[in-house]
Structures are given as structure tokens and as C-alpha cells.
Amino acid sequence: MKRKHLFWIVPGATIFCLILFVILFFVYLTIVEYRPKNIENVPFTSGNQKLQKNKQLSIMSWNIGYCGLGKDEDFFMDGGQKVHPDSKKVVENYFQGIAKTIDETAADLYFIQEVDVKSSRTWKINQFEALKESTKLGGAFAYNYKCNFVPYPVPPMGRVESGVATFSDFETTSAQRYALPVPFKWPVRLANLKRCILAERIPVYTEDGTPTGNELVLANFHLEAFDNGEGKIAQTKALKEFIDSEYAKGNYVIAGGDFNQNFPGAKAYPVLNPETWKPGKLEEDMLDEGWQFAFDDSKPTCRANGAPYNDENAKAHNWQYFVIDGFIISPNIEKISVQVLDKDFQNSDHNPVYMNFILK
């Protein structure tokens, strides 16, 4: 009888311990869950230059893929195999290429998305501070993703601290994080992204240095990717409400980043596999009169991550591309030009988008 009891006790105790571990793990994630307020001030460093209207300016937006999605990488969420790059050296090499591109563009303003600051997947390299040092510009950072331990896939992602960053050398008066709607429910929400708008305010001056009393409001974001579509719609609606409210105050507004949605009227690259990830679609009548989308569809801004994008694979595959990165500008801003900077996805799965404009 004792041996029979022992036969059942050992596996029963093992199962009980596993269930208890899972319960305690989810309790832990619930306790430490990142719960940002709707609006939070974030630390920022101001530049020294005065921003003048009626002067041509430039801005670049780039999703740098946390310096972990360059030409030799794929991604498990896109049908690939990898959870993170193979080594710290790989991340450092991608970062060097990204920093070089940013330096060569010499833009006045930068919107950067997917910037890791303390993530296991990028060996806890603080990419925001590294870019700040590299550019010698003022900047601000806001979390888009913060979780002590992401338990999936196998091997798990582990700790993730990542977000969006804005850089410039202009006088800046504030930087705030505006929370966007989260489409995920408990428990999926615990280890998922909590997306936001990083809003910076820059005073605007006349040509002779007189304050106009207006601001250039910069709204940097990375909207939902892996949802059923409702998250993108809700976040886009919240974005529109924000930019409309700022324009109503008499401000200039540039909103930009990774929309994860096709632009109205843009050339759509053919869907090669309907089973893989597809972007959402921005509605043609989304913007009020005078507002405009600023994008370039002559080249793709993003590639699929189902396989590494090295030379052999690039020649062998009919690749899936997207145009999902760009800007929205308010009626009091004149767009001079906008172009995709074709970097052949060597250091990121996105290409930078560069725009020249004037504050009217």
C-alpha cells in the first residue's frame, strides 16, 4: 500500500508545485505590472537653439528595431525563429550603423522608436543614452514596453524596457507621456506593450527672435502591431484627439512614427502571403481639412521579418514590404519634401523617413 501511495504522491506533488509556481508567477507579474498614469511628465534635456518660423527645417523618423532586427535577423512574431540577436556584438554593430546614419542625415529633429534601455534581448545596453551621447542633442524618452519578465516564447524574452525617444537641439519646455488605449486584457496585458505618445513642446519665435506665444508640439509614437485591429483604431482615434486639441490652441503639430497602418492613397505593396502579418489601414477621412499625411511610397519603409534579410535570402525571396512610417502635419505647416532614406534594411527592419518643412 505504501508503494502504491508513493507512486501517486510523487507525480501529484510535482504537478501541484508546477501549478503553484505558475499561479505565483502571474501574481508576481500582476503586482509589478507597469501601470502608467494617463499623462506623466518625463525627464528631458533641452537644447539651446531657438526655433524660428518661416525657416526650412527637417525631421527624421526611424523605428530602429532596438538594434536587434538588422539584415541577419528574423523575429518569432513574424514567423521567424529568433527571440533576440545572437550576441551583444551583433547589437553593438547594428547600433553603430544606426548612429552613423543618424549623424549623416543632420536633421533638426529626430523621432526614434523601439529604443531599448534595459532589456535582456539587447544585453541591457541603454540605447537612449548612447544615442544622446552620439548626437550631442537634447532628448526625452518614454516607455512603450516595460516588463520585468516576458515569459514567452521559448526561450523567453525576459526583461524588456523599451520605448520612443525624441532628439533635437531646440529649446524645449516640457516632455510628457500620454498613455494610449491598451487592447489586451489580463493576463496577456501583464507582459505586453503599454503604448504612448511622447509629446515635447518647443517654443516658436519670429525671425528676429521674438516669442510668438505658440509652440511646436512633437508627437512621437509607435502604434499597435499584433492586435486584432481594434487596438490600432482606438490608438489612432486617441492620437487624432490629441493633435486636434493642440492645434486648437494655436500650436504647430507634427505627429509621426510607426503607424503600423497603410496611408490613404499610398501605393500598397502586394500581399504575398495572407497568413502572415498585415498592417491596418488609415481612413481617408480621418483628418480634418488642411491636415495632411506626409509619406513617401516610392520605397518601402518596413520589411517582413519571417527570415533574415541577408544578401542570399534577399535574392532568393520575393520579399514582403510595407509603407507604414511617416508623419501627420497640421494646416499651419508647409511640407517641402518627404522621402524614404533607402538603407536596405541593413541595421533595422525599417528605413528612416525624412521630411523638410516650414512653420508658416
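Up top is the structure.
Summarised in this report is the structure supplied together with it. (Residues numbered from 1 in each chain as written. Predicted model: local features only at pLDDT ≥ 70, side-chain atom pairs only at ≥ 80, totals over all residues. Heavy atoms only, no water.)

1. Regarding the overall build of the protein chain
Quick note on the threshold: Strands are runs of DSSP state E lasting at least 2 residues, helices are runs of H or I lasting at least 4, and numbering of each runs from the N terminus. Atoms counted for the radius of gyration: C-alpha only. Globule rule: 2.2 Å times residue count to the power 0.38. Contact definition: two residues touch when any of their heavy atoms are within 4.5 Å. Areas reported as accessible are Shrake-Rupley estimates using a 1.4 Å probe. Residue values count occlusion only from the protein chains shown. Two residue types count as positive, namely Lys and Arg, and two as negative, namely Asp and Glu; His and chain ends fall outside the count. Taken as the charge location is NZ of Lys, CZ of Arg, CG of Asp or CD of Glu.
Secondary structure summary: the protein chain contains 5 helices and 18 strands in total. Expected size for 360 residues packed as a compact globule is a radius of gyration near 21 Å; at 22 Å, the protein chain falls within 12% of this value. Over its C-alpha atoms, taken along the principal directions, the protein chain stretches across nearly 95 × 45 × 40 Å. Excluding contacts between residues fewer than 6 apart, the proportion of contacts in the protein chain whose partners are at least 24 apart in sequence is 75%. With an accessible surface of roughly 16,800 Å², the protein chain has 55% of that area assigned to carbon and sulfur atoms. Charge centroids of the protein chain, computed over 39 positive and 44 negative side chains, lie 9 Å from each other.

2. As for the pattern of salt bridges
Should the charged atoms of two oppositely charged side chains come close, the side chains can pair. This is how it is decided: A pairing counts as a salt bridge when a side-chain nitrogen of Lys or Arg comes within 4 Å of a carboxyl oxygen of Asp or Glu. Here the term buried applies to any residue with accessible area under 20% of the maximum for its type, exposed to any over 50%, and partly exposed to those in between, with areas from a 1.4 Å probe on protein chains only.
In this structure the tally under the stated criterion is 18 salt bridges. Here R35 ties to E33 by a salt bridge, and the two come within 3.5 Å at their closest N and O atoms. Put simply, E133 and K136 hold a salt bridge, and the shortest N to O gap is 2.4 Å. With respect to class, E133 is no different from K136; both count as exposed. Through salt bridges with shared partners, a single network forms among E33, R35, R189 and K194.

3. Regarding helix α3 (residues 127-135)
Defined as follows: The arc refers to the directions leading from the helix axis to the C-beta atoms. Identification of polar contacts relies on pairs of N or O atoms within 3.5 Å, with a donor-acceptor requirement for protein atoms, meaning one able to donate a hydrogen and the other able to accept it, and with residues adjacent in sequence counted only if both atoms are side-chain atoms.
All buried positions along α3 are accounted for by Q127, F128, L131 and T135. Seen end-on, α3 carries its buried residues on one side only, within an arc spanning 100°. Where α3 begins, the side chain of N126 points an oxygen toward the backbone nitrogen of F128, at a separation of 3.3 Å. Of the residues flanking the end of α3, it is K136, one or two places downstream, whose phi is positive at about 60°.

4. Section: the sheet that holds strand β18 (residues 353-359)
Filter applied, for reference: DSSP calls a pair of strands paired once it identifies at least 2 bridges connecting them. Under this scheme, a helix contributes an axis fitted over its contacting stretch, all axes are lines through C-alpha atoms, and angles between N-to-C directions fall in the 0 to 180 degree range.
A sheet is described by the order of its strands in space; here 6 strands give the open sequence β5-β6-β4-β3-β18-β17, paired in mixed fashion. Since the sheet does not close on itself, it has two edges, and those belong to β5 (138-150) and β17 (333-340), each with one partner. The mean inter-strand angle of the sheet, taken between neighbouring strand axes irrespective of direction, is 15°. Bridging between β5 and strand β6 (residues 158-168) involves 10 bridges; their strand directions are antiparallel. If you follow Y145 over to β6, its bridge partner there is S162. Packed on one face of the sheet, helix α2 (residues 88-105) meets β3 (56-63), β4 (109-116) and β18 and runs near 165° to β3. α3 contacts β4, β5 and β6 of the sheet and is inclined by roughly 150° relative to β4.

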